[in-house]
Amino acid sequence: MGRRRAPELYRAPFPLYALQVDPSTGLLIAAGGGGAAKTGIKNGVHFLQLERINGRLSASLLHSHDTETRATMNLALAGDILAAGQDAHCQLLRFQAHQQKGNKAEKAGSKEQGPRQRKGAAPAEKKGGAETQHEGLELRVENLQAVQTDFSSDPLQKVVCFNHDNTLLATGGTDGYVRVWKVPSLEKVLEFKAHEGEIEDLALGPDGKLVTVGRDLKASVWQKDQLVTQLHWQENGPTFSSTPYRYQACRFGQVPDQPAGLRLFTVQIPHKRLRQPPPCYLTAWDGSNFLPLRTKSCGHEVVSCLDVSESGTFLGLGTVTGSVAIYIAFSLQGVFLCGSCSCCVSGLLL
């Protein structure tokens, strides 16, 4: 399967770390930045409008939300609420998009205005308010609650996700603790030590079970703060006596044509970088008993992120070298590979 270079949709004026797609509006939400260092690189969350022009998909900047000195490193989306991981904190944002009535000019005093941008163009940003009007579409973004979610000596929130009805969100970071918060008040309802060291990823299932993967080479299934089981991906897969692997990512996905069916997917990568890197692996699990169903190699490039399409049909993988790939969830067969930005693969699974 040869690698193809994907056409560039949009070029942000800062490094991109997180990506989400709003299914109700079709907006592409990209976030990142240069952090607190005074390098001149800004921090922000960009809301992009996708459209087809002459048969090609294009993205235009609809709104730029300034996050001041904080770069957004991870994002989760629940309706019109974004949960943004910024350093050791989680910041909730609410965005509202609606069609303008008439052809009004931008409101006076508007703070952050996002003019139309094409690929390769660095968007102009203006400090101030949080409302932008753009060719009949109006977008407003407001900051809601924020809370510190990690308390290690070098604190960093590494992952955030919502539960199935968007009433709770879970966070994990470098201190190895899972913390669960009410939405949108961010009142803490649960806290427990899940891993020795950093939490790499977590996923909340519709039955309330929580899966966590960490740098301690473990993947665990929890019911609230009680350990249900630990995952063992090599039970029905390859074994390596000299190459330790760790879990890098985990996601739940529904089983197509089975409304009550549930699958868990994980990615395993070599714990240490080697001159001749061994392959990474993708595993599908039964979502009820958490036994491995099948495991397939997914190449020698180190996988950094995983996502599952809403229908449960496709998996998207991103690598640290910038490649992205799409797999069939049922068979774990690869169907697409290209060189691209792989900060997050949500945009592949529109």
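Residues numbered from 1 in each chain as written. Predicted model: local features only at pLDDT ≥ 70, side-chain atom pairs only at ≥ 80, totals over all residues. Heavy atoms only, no water.

As for the environment of Trp-233
Next up, step 1: By secondary structure assignment, the location of Trp-233 is in the loop between strand S18 (226-230) and strand S19 (245-255).
Next up, step 2: On a C-alpha basis, the gap between Trp-233 and Val-267 in space is 9.6 Å, while along the polypeptide they are 34 residues apart. (Helix = DSSP H or I, 4+ residues; strand = E, 2+ residues; numbered from the N terminus.)

Section: the pattern of salt bridges
Next up, step 1: According to the stated counting rule, one finds 14 salt bridges in the structure shown.
Next up, step 2: Between Glu-198 and Lys-158 there is a salt bridge, with its nearest N and O atoms 2.7 Å apart. On the criterion of sequence distance, the pair formed by Glu-198 in the loop between strand S14 (188-193) and strand S15 (199-204) and Lys-158 in strand S11 (residues 157-162) is long-range, its members being 40 residues apart.
Next up, step 3: For Glu-198, a relative accessible area of 27% gives the class partly exposed.
Next up, step 4: In this structure Lys-158 comes out as partly exposed when scored by relative accessible area, which is 23%.
Next up, step 5: The salt bridge partner of Asp-201 is Arg-251, with a shortest N-O separation of 2.7 Å. One end of the pair, Asp-201, is in strand S15; the other, Arg-251, is in strand S19, with 50 residues separating them in the sequence.
Next up, step 6: A relative accessible area of 5% places Asp-201 in the buried class. (Salt bridge = Lys/Arg side-chain N within 4 Å of Asp/Glu carboxyl O. Buried < 20%, exposed > 50% of the residue type's maximum accessible area, 1.4 Å probe, protein only.)

Regarding the sheet that holds strand S13 (residues 177-182)
Next up, step 1: The sheet built from four strands is open, its strands ordered S11-S12-S13-S14 with antiparallel pairing. One side of each edge strand has no neighbouring strand; the edge strands of this open sheet are S11 and S14. Looking at each pair of strands side by side, their axes are set apart by 15° on average, direction ignored.
Next up, step 2: Both S13 and S14 contribute to a ladder of five bridges, which runs antiparallel. The residue bridging Arg-179 from the neighbouring strand is Glu-191, located in S14. (Pairing = 2+ DSSP bridges. Axes fitted to C-alpha atoms, helices over the stretch in contact; angles between N-to-C directions.)

As for the side chain of Ser-323
Next up, step 1: On the secondary structure map, Ser-323 appears in strand S25 (residues 323-328).
Next up, step 2: With relative accessibility at 1%, the residue Ser-323 sits in the buried group.
Next up, step 3: Side-chain polar atoms of Ser-323 contact the side chain of Glu-301, separated by 3.2 Å. (Polar contact = N/O pair within 3.5 Å; in protein donor to acceptor, adjacent residues only side chain to side chain.)

Thoughts on the packing of aromatic side chains
Next up, step 1: What the rule picks out here adds up to five aromatic pairs.
Next up, step 2: Geometrically, the ring pair formed by Trp-233 and Tyr-281 is tilted, given 5.4 Å between the ring centres and 35° between the ring planes. Placement of Trp-233 in the loop between S18 and S19 and of Tyr-281 in strand S21 (residues 281-286) is noted, with a sequence separation of 48 residues between them. For the pair shown, Trp-233 and Tyr-281 are each scored as buried.
Next up, step 3: Connected via pairs of aromatic rings, a cluster forms that spans Trp-233, Tyr-245 and Tyr-281.
Next up, step 4: Above the face of the Phe-330 ring, Arg-294 is positioned so that its terminal group lies 5.1 Å from the ring centre. (Phe/Tyr/Trp six-rings, centres within 6.5 Å; stacked < 30°, edge-to-face > 60°. Lys NZ or Arg CZ within 6 Å of the ring centre and 35° of its normal.)

Some thoughts on the nonpolar core
The tendency in soluble globular proteins is for nonpolar side chains to be buried side by side.
Next up, step 1: Among the nonpolar cores identified, the biggest contains 19 residues, and Phe-265, Val-267, Leu-282, Leu-306, Leu-315 and Leu-317 are the most heavily contacted of them.
Next up, step 2: Those elements that place two or more of their residues in this core are strand S20 (258-270), S21, strand S23 (303-308), strand S24 (314-319) and S25.
Next up, step 3: Not counting residues within four places of it along the chain, the set of residues in contact with Leu-282 comprises Thr-266, Val-267, Gln-268, Arg-294, Thr-295, Lys-296, Cys-298, Leu-306, Leu-315, Leu-317, Tyr-327 and Leu-332. (Core = buried A, V, L, I, M, F, W, Y, C linked by side-chain atoms within 4.5 Å. Contact = heavy atoms within 4.5 Å.)

Structural notes on the pairing of strand S17 (residues 219-223)
Next up, step 1: Counted residue by residue, S17 has four buried out of five residues, so it is predominantly covered.
Next up, step 2: Of the pairings in the sheet, the one linking strand S16 (residues 209-214) to S17 comprises five bridges and is antiparallel in character. Each bridged residue has a counterpart across the sheet, and for Thr-212 the counterpart in S17 is Ser-220.
Next up, step 3: Turn length for the S16-S17 hairpin, with the two strands adjacent in sequence and antiparallel, is four residues, and the turn residue Leu-217 shows positive phi of about 75°.
Next up, step 4: Pairing analysis gives four bridges linking S17 to S18, with the strands arranged antiparallel. Each residue of the ladder has a partner; that of Gln-223, found in S18, is Gln-226.
Next up, step 5: Between S17 and the antiparallel strand that follows it, S18, lie two residues; Lys-224 among them carries a positive phi value of about 55°.

A look at the confidence of the model for the chain
Any region with low pLDDT has predicted coordinates that should not be read closely.
Next up, step 1: On average, residues of the chain score 86 in pLDDT, and 83% of them are at 70 or above.
Next up, step 2: Predicted confidence is poor over residues 103-129, with pLDDT under 50, and the contacts of this stretch with residues over four places away or in other chains come to 70 contacts. (pLDDT = per-residue confidence, 0-100.)

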